[in-house]
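What the coordinates show
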Amino acid sequence: MNWNQVEGNWEQFKGKVQAKWGELSSDDLNIIAGNRKQLAGKLQQRYGKAEEDAEREIDEWLNQH
């Protein structure tokens, strides 16, 4: 799966994203709105992760779906 599929079907993926990263609020998910950079930024903000770590986690999550 690639990010374009997630972005195009964001409403379907929001629950899966929140299941993986439970610290993200519904408001966060609405702000992210399928934007990968927004997701990485929110992961950095909520979890204190470095940008590279956030991007790696997103890639790992994508590979699982």
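To keep things clear, this report deals only with the structure shown in the data block. The model shown is predicted, which means the values in this text are computed figures rather than measured ones.

Reading guide: rules and limits
- Residues numbered from 1 in each chain as written.
- Predicted model: local features only at pLDDT ≥ 70, side-chain atom pairs only at ≥ 80, totals over all residues.
- Heavy atoms only, no water.
- Core = buried A, V, L, I, M, F, W, Y, C linked by side-chain atoms within 4.5 Å.
- Buried < 20%, exposed > 50% of the residue type's maximum accessible area, 1.4 Å probe, protein only.
- Helix = DSSP H or I, 4+ residues; strand = E, 2+ residues; numbered from the N terminus.
- Contact = heavy atoms within 4.5 Å.

**A look at the nonpolar core**
Core analysis: the biggest nonpolar cluster contains 16 residues, and Trp 3, Trp 10, Val 17, Trp 21, Leu 24, Leu 39 and Trp 61 have the highest contact counts within it. Taken together, the elements giving at least two residues each to this core come down to helix H1 (3-8), helix H2 (10-20), helix H3 (26-32), helix H4 (36-47) and helix H5 (51-64). In terms of residues, this core owes the most to one element, H5, which gives four residues. Each residue touching Leu 39, except ones within four places of it in the same chain, is listed here: Trp 3, Val 17, Trp 21, Leu 24, Ile 32 and Ile 58.

**Brief notes about unusual backbone geometry**
At Ala 33, a position not held by glycine, the phi torsion is positive, near 45°. Examined against the element boundaries, Ala 33 turns out to sit in the loop between H3 and H4. On the basis of relative accessible area, Ala 33 is assigned to the partly exposed category, the value being 45%.

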